[in-house]
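# Remarks on the overall topology
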Amino acid sequence: MIYTAMTKKAMILMYKVHQNQRDRGGIPYVFHPWHVAEQMDDENSTTVALLHDVVEDGAVSLDHLRGAGFAEEIIEALALLTRHKGQNYFDYIEKLAPNPLARRVKLADLAHNQDVSRLDEVDAAARRRIKKYQKAQRYLEAFEKNDQ
């Protein structure tokens, strides 16, 4: 984990938003963004990883994050990582793909989401989610390869 003033601010905000949430396996949700952030190696990607679900899953707006002093590059990546209700999943993936910061965090998010050892039971719904995540991961990896 990278500890800077900005990542510490992101850690605290992430914890406030997710502290009472649980993932599908019953684990406190705060461990998910924490794990994704631990895959990052710079301040901006660590910050985005910590905050990647606070707008979608919490009562935090992009304007709130802007007012809290997060850089516009971070706000832009978080805006792309926020899937809106009714938004087609693969439209969402295609939209975030061109942004290297959002793409990097989403790839780490997808990898963690596919870790079935986190679940008590791998049912049909979990298998469908994993297939969807694998398709998204392949798309983002191909995009990244072509972007270099």
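Keep in mind that what you see is a predicted model, and the values were worked out from it rather than measured. (Residues numbered from 1 in each chain as written. Predicted model: local features only at pLDDT ≥ 70, side-chain atom pairs only at ≥ 80, totals over all residues. Heavy atoms only, no water.)

On to the packing of aromatic side chains, then. Applying the stated criterion across every chain, the model contains four aromatic pairs. Relative to phenylalanine 90, the ring of tyrosine 89 lies with its centre 5.2 Å away and its plane at 85°, an arrangement referred to as edge-to-face. The exposure class of tyrosine 89 is buried, given its relative accessible area of 8%. Here tyrosine 89 and tyrosine 133 contribute two aromatic rings whose centre-to-centre distance is 6.3 Å and whose plane-to-plane angle is 55°, an arrangement assigned as tilted. With a gap of 44 residues between them, tyrosine 89 in helix α7 (residues 89-96) and tyrosine 133 in helix α9 (residues 124-147) connect regions that are remote in the sequence. The burial state of tyrosine 89 is the same as that of tyrosine 133; both residues are buried. Linked through ring pairs, Tyr89, Phe90, Tyr92 and Tyr133 together constitute an aromatic cluster. The ring of phenylalanine 70 has lysine 9 sitting right over it, with the charged end atom 4.7 Å from the ring centre. (Phe/Tyr/Trp six-rings, centres within 6.5 Å; stacked < 30°, edge-to-face > 60°. Buried < 20%, exposed > 50% of the residue type's maximum accessible area, 1.4 Å probe, protein only. Helix = DSSP H or I, 4+ residues; strand = E, 2+ residues; numbered from the N terminus. Lys NZ or Arg CZ within 6 Å of the ring centre and 35° of its normal.)

What follows deals with the packing of α7 against α9. Taken N-terminus to C-terminus, the directions of α7 and α9 make an angle of 25°; their axes are 10 Å apart at the nearest point. The angle between α7 and α9 places the two elements in the roughly parallel class. Every pair of crossing elements has a handedness; the one defined by α7 and α9 is right-handed. Where α7 approaches α9, its residues Tyr89, Phe90, Ile93, Glu94 and Leu96 are matched on the opposing element by Lys132, Tyr133, Lys135, Ala136, Tyr139 and Leu140. (Axes fitted to C-alpha atoms, helices over the stretch in contact; angles between N-to-C directions. Parallel < 35°, antiparallel > 145°, perpendicular 65-115°, else oblique. Left-handed = near helix turned anticlockwise from the far one by under 90°. Contact = heavy atoms within 4.5 Å.)

Okay, the environment of alanine 97 next. Locating alanine 97 in the fold gives a position in the loop between α7 and α8 (100-113). According to the relative accessible area criterion, alanine 97 is buried, its value standing at 0%. Counting along the chain gives 45 residues from alanine 97 to alanine 142, while the straight-line C-alpha distance between them is 9.9 Å. Leaving out residues up to four positions away in the same chain, alanine 97 has contacts with Arg103, Tyr139, Leu140 and Phe143.

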